[in-house]
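Take a look at the letters that make up each chain.
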Amino acid sequence: MASSSFPPKIGTPSSSTQSQVDRKASWTPQTRNPVSARLYKVLSTNFDDEDTRQALRTLSDLYATPKGKEIQPSIEEADDELLQDTSGTSVSNDSALIELVPGELAARARRNLRRDMENQLAEGSKKFLEALGEVDAKLQELQKHVAAMRASCDEAETQLALTNESSKTLLERAGNLRDERQEVEEKKTIITLFLGRFTLNESEVEAISSRDVPIGQRFFDAMDKTERIREDCRVLMSGEDGSTKAGLEIMASTSSNLEQGYEKILRYCSNEFRQVGRDSQLEVNSEMREAVNRLRKRPELLTEALSFLSETRQTTLLSSFIAALTRGGPSGYPRPIELHAHDPLRYLGDMLAWVHQAIAAEREFLESLFGLKQDGRMVGSVRKFDTKDEEEEWIRELMDLAVAKLCVPLKVRVQQTIRSQESSIVSYKIANLLQFYLMTMRRTIGEQALLSTTLKEITDTSYKVFYDSIENHSRTISRVRLDHDDPSLAPPIVVLDHTQVLREVMTVYQSSLLGDEDEDEINSGFNQVLDIMVDPIIGMCLTSGEEKKNARPRWDEAVFVLNCLCYLQSVLSAFEFTVKKQADIQAIIDERIALLTAEHSTNVLSDAGLLQVAEACRNHKSNSTNAILIVVEQEPLSRMPATQPSDLQQALHHFSLWLSGPEVVQSPRLAQLTVQRMHTKIHQDALARLAKTYKMICEEIKKPENRYEAASTLLGRERPFGQVHLLWQVFGLEEEDYEDKENESDEADSDESDEQGESTDSGDIAKASKPDKDQEVTDEEESDDESECEQFDS
C-alpha cells in the first residue's frame, strides 16, 4: 500500500514519456484512480511561471533539511512529533524534519502549510513591532527637541521684531545715505570724464610748457589733445544758453597752453634751422617735419622760423660756392672751378652745374621738410606751378631766397667770360649752354625767381655777343672781293670757312634741343642766325660773280654761283630746322638753273650750227602769223638769207658733224658744276630744246609756202635725215617726258614775265637780273663762247 501510493521516480524508465503514452493507451476506460489523477495533475503542472517557481523556492527554504545533520531519529521521536502534529501543536522551523517515510515530510508540509506561514508572519510582525517601538521612542525624544527649538525661535522672532522696530529709522537713514552715495559716485564719474576730456593733466601741461621736455611724440600728443579740447569746447559753448563759465575758462586755459606750445615749436625750429642750415648734407628728422607742419597753422610764426633758415642757407650756399670756385672740395677734390677759367665752356658749365646741383639738393630738402610726396616728375621735365598750393609757394620762395646771393658772383664771372670771347662758335656754345640752364631753372624754380631772371639777362647778353660776332663776320664776308686771276669755279676759301662756322653753329644748336619743342619753335629759334650768316654769303657770291665776270669775260659766273649755292644748300640739308632757308636758296638755284639752261641751249644751237636757221624760222613764223592778220604777202623762207638752200645745207652738214662730237654727251662748260646731277639735267634740257628746234626747222622746210625744191632730199642728205625720233634716240631722251616739262616751263615763264625780279630774302640777297639784261649777257657770252670754240678747234 505504501509503495503503491508514491509515484515512480523520474529517472526510471517507467517515467519516460513513451512509457506513459503506452501505458495510457493500454488503459481501459474505468473508474480512475485518485493517485493517478493526482499524478497526472502534477505531471501536467507548468513550472515555467516565475511566481510559481518563486513560491517553490520559498517552500524549499522553509522546509529544507539542515546540512551536516545525519541523525537518524528514533521511531519514538518520530511518533512524538507525529502526535504533536496531530494534536495541533506547532512545529518549529528550527527543528529538522526527518522524513522517515518517503513522502511523509511533503504530506506534513501540505497539512501544516497555513499554520507554518502564520507562525512565520507572527514572528516577523513581532520583530517589526519591536523595531517600531524603538523608532517611536526616538520620535518622542525628537518631538521634545523640536518643541524646545520652536520655543527658542519664537523668542528669537520676538527679539527680532523688537529690534526691527527699534532700527527702522536707522535703516531708512542708511538707505538714504546709500542713494546719496550712488548719486555722488555717478557725479564723480561724470566730473572725472569731463575733466579728463576738457583739461590737461600735469604731465601734459609739463610737456607743453617745460623746456626740459624736448620736442617729441609726448609733446605732440599733448598739443593734439589741447586742440581737440578746444574743438569739443566750441561744441559745448554753442548751446541754446550761450557760452558757459566752464567753457570760457577751458578756452582761456587751452589758449594759453597752445601759445606756449607754439612758442616752444618756434624756438625749436629756429635752433634746428640754424644748425641744419650750416650743414652741407641736409637731413630732416620726423620731429622737425611735424613741427613745421604744425607751424603752418600760424603763418606768422612759420615765416619767422623760415627766415632763420633762409638767412642761414644764403650764407652757407654763398660760402660753399666761393669755396668751390677757389678752394675746391675736401682735400682739394674736386679741384677748384676757377682752375678751368681758360676753358670757357667747362668753366661756365661747372659753375652752372654746381648751382643746379645746389638747387636740386635744396628742393629735395624743402620737399622733405614740408612733407611733400614725389609727384613722379622726370628730371628736366616741366614742373607745374600751382598757385593754390601753399607748400609749393613756400618752397619756391625759400629756394629763390637761398640762391639769391649766388646771382651776383655768377653773373660777374659769366659776363667776364662772355665778353672775353672772340670766336663766334665759342660764343654760341656759351649762349646755348646758358639757354639750356635757363630753361632748366625755369622748369625747376619758375620764371619769376631771381636766379631765372639773372640767367635770362646773361643769356641775352651772350646771344647779343654772338649776334654781334656773326654780324661783324657777315659784314666782312660782304666786303670780300674774289681774286680776278683765279679761274676756279669752285666755292672760294672764304665761303668754305664761313660755311664751316655755320655748320658748327648748327651742330651746337641741334645738340641743345631738349626734344620736347614743337616744329615751329625749333625752326624759329634759328631763323635769325640763318638770316645773319646765310644771306650775306649768298649776296657775296652773286656780287662777286658779277664783278669777276666783268673783269674776266671768259669766266663763267653762272656755274660759279650754282656751285656756291649748291654747296651751301648741302651744308644746310643735314639739319631739319633749316627747311625754310633751304627753300629760299632752292628758289635762287632754280632761277639760276633756268637762266643757265636757256643760255646753254643757245650755246648748243650755236655750236650745232642751227642758231641762225632757228632764228630765221622763228622770225619767219611770227611774221607769217602777223601777215595773216594784216593780209600782206610775205617772202618765202627759202629766199631768206640764212635759210637759202645752200646755207641751209651747210648748216645741216655742220649739225651732222656736231652730232659725231663729244659735246653731245657732255658739255665742257657744265663739267665745272660740282653737282653732276645738275650738269646732266641742264645738258639734257638743252638737247631736248635742240631736238624741238630741229623739229621746228624740218616742219618749216617741208611747208609748201616756203618753196623748197626737194625738201625731203635736202633734209635727208645729213644726219638725222629729217627724222626727229632718230635725233631723240641719238640724245638718249624720251620725247614725251620733255613735252610735259615744256608745257610746265611755259606756264612758269608766263607767270614770271608778269612779275619783276624780287629779293629772295629781306633785302640781304641780291635781286635777280631782268630778262633784257640777261639777253645782253647771253649775247656777250655767245661771242665769248664762239671765240673759245675757235681756239679749242685750232
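For the chain, an unreviewed UniProt entry supplies the name Conserved oligomeric Golgi complex subunit 6 and the organism Psilocybe cubensis.

**Structural notes on the overall build of the chain**
Per the secondary structure count, the chain includes 28 helices and zero strands. When each of the 794 residues of the chain is scored for burial, the buried share is 36%. Pairs at least 24 residues apart make up 74% of the contacts formed inside the chain by residues separated by at least 6 positions. Of the roughly 48700 Å² of accessible surface on the chain, a fraction of 52% belongs to carbon and sulfur atoms.

**As for the confidence of the model for the chain**
Summarising the model, the chain shows a mean pLDDT of 77, and 78% of its residues fall at 70 or more. When the elements of the chain are averaged for pLDDT, helix H28 (residues 771–793) gives the smallest value, 37, and helix H14 (residues 407–419) the largest, 92. This stretch, residues 1–30, has a pLDDT under 50; its non-local contacts, to residues over four places away or in other chains, come to 14 contacts. In the model, residues 627–632 has pLDDT below 50 throughout and makes two contacts with residues more than four positions away in sequence or in other chains.

**Concerning the state of the cysteines**
In total, this model carries zero disulfides according to the counting rule given. Free of any disulfide, Cys-541 has its nearest neighbouring cysteine sulfur in Cys-564, separated by 3.8 Å. With no disulfide partner, Cys-617 has as its closest neighbouring cysteine sulfur the one in Cys-698, 9.4 Å distant.

**Points about the packing of aromatic side chains**
As enumerated under the stated definition, the model contains 14 aromatic pairs in all. Arranged with centres 5.2 Å apart and planes meeting at 70°, the rings of Phe-526 and Phe-577 form a pair that is edge-to-face. With Phe-526 in the loop between helix H18 (519–524) and helix H19 (527–551) and Phe-577 in the loop between helix H20 (557–572) and helix H21 (579–608), this residue pair connects regions lying 51 residues apart in the sequence. Ring centres 5.6 Å apart and planes at 40° place the aromatic pair Phe-575 and Phe-577 in the tilted group. In terms of burial, Phe-575 and Phe-577 fall into one category: buried. Cluster of aromatic residues (ring-pair linked, three or more members): Tyr-428, Tyr-463, Phe-466, Tyr-467, Tyr-509, Phe-526, Phe-575 and Phe-577. Positioned above the aromatic ring of Phe-308, the side-chain terminus of Arg-274 is 4.1 Å from the ring centre.

**Brief notes about a negative patch on the surface**
A contiguous patch of negative charge on the surface is contributed by Asp-518, Glu-519, Asp-520, Glu-521 and Glu-576. Counting through the fold element by element, Glu-519 comes out in helix H18. Classification of Glu-519 by relative accessible area gives exposed; the value is 60%.

**Digging into the packing of H20 against H21**
H21 packs onto H20 with a crossing angle of 155° between their chain directions and a minimal axis gap of 10 Å. By the angle between their axes, H20 is roughly antiparallel relative to H21. The chirality of how H20 crosses H21 is left-handed. Contact with H20, carried on its side by Glu-557, Ala-558, Val-559, Val-561, Leu-562, Leu-565, Cys-566, Leu-568, Gln-569 and Leu-572, involves Lys-581, Gln-582, Ile-585, Gln-586, Ile-588, Ile-589, Arg-592, Ile-593 and Leu-596 of H21 and no other residues of that element. In the contact of H20 with H21, the residues fall into 13 nonpolar, three polar and three charged.

**Remarks on the pattern of salt bridges**
All told, the structure shown has 26 salt bridges when counted by the stated rule. As a salt-bridge pair, Glu-599 and Arg-669 come within 2.8 Å of each other at their nearest N and O atoms. Of this pair, Glu-599 sits in helix H21 while Arg-669 is found in the loop between helix H23 (645–659) and helix H24 (676–702), placing the two residues 70 residues apart along the sequence. Look at the salt bridges and you will find they share partners, linking Asp-224, Glu-290 and Arg-294 into a network.

**A word on a nonpolar patch on the surface**
A surface patch of nonpolar side chains, about 650 Å² in accessible area, is lined by Phe-128, Leu-129, Leu-132, Val-135, Leu-139, Leu-142 and Val-146. Topologically, Leu-129 is positioned in helix H6 (residues 113–198). Relative accessible area serves as the criterion here: at 59%, Leu-129 is assigned to the exposed category.

**A closer look at the environment of Leu-302**
Turning to its location among the elements, Leu-302 is positioned in helix H11 (residues 299–326). What Leu-302 contacts, discounting residues up to four positions off in sequence, is Val-292, Leu-295, Arg-296 and Trp-394.

**Some thoughts on the nonpolar core**
Among the nonpolar cores identified, the biggest contains 72 residues, and Ile-265, Phe-273, Leu-306, Met-351, Leu-369, Leu-410 and Leu-451 are the most heavily contacted of them. Ranked by residue count, the leading element in this core is helix H12 (residues 344–370), at 11 residues. Beyond its immediate sequence surroundings of up to four residues, Leu-410 is in contact with Phe-321, Met-351, Leu-352, Val-355, Leu-451 and Leu-455.

Criteria and thresholds
- Residues numbered from 1 in each chain as written.
- Predicted model: local features only at pLDDT ≥ 70, side-chain atom pairs only at ≥ 80, totals over all residues.
- Heavy atoms only, no water.
- Helix = DSSP H or I, 4+ residues; strand = E, 2+ residues; numbered from the N terminus.
- Buried < 20%, exposed > 50% of the residue type's maximum accessible area, 1.4 Å probe, protein only.
- Contact = heavy atoms within 4.5 Å.
- Areas by Shrake-Rupley, 256 points an atom, 1.4 Å probe, with all protein chains shown as cover.
- pLDDT = per-residue confidence, 0-100.
- Disulfide = S-S within 2.5 Å.
- Phe/Tyr/Trp six-rings, centres within 6.5 Å; stacked < 30°, edge-to-face > 60°.
- Lys NZ or Arg CZ within 6 Å of the ring centre and 35° of its normal.
- Patch = residues over 30% accessible without salt bridge, like charges linked within 9 Å, V, L, I, M, F, W, Y side chains within 5 Å.
- Salt bridge = Lys/Arg side-chain N within 4 Å of Asp/Glu carboxyl O.
- Lys, Arg positive; Asp, Glu negative; His and termini not counted.
- Charge placed at Lys NZ, Arg CZ, Asp CG, Glu CD.
- Axes fitted to C-alpha atoms, helices over the stretch in contact; angles between N-to-C directions.
- Parallel < 35°, antiparallel > 145°, perpendicular 65-115°, else oblique.
- Left-handed = near helix turned anticlockwise from the far one by under 90°.
- Nonpolar A, V, L, I, M, F, W, Y, C, P; charged D, E, K, R; others polar.
- Core = buried A, V, L, I, M, F, W, Y, C linked by side-chain atoms within 4.5 Å.

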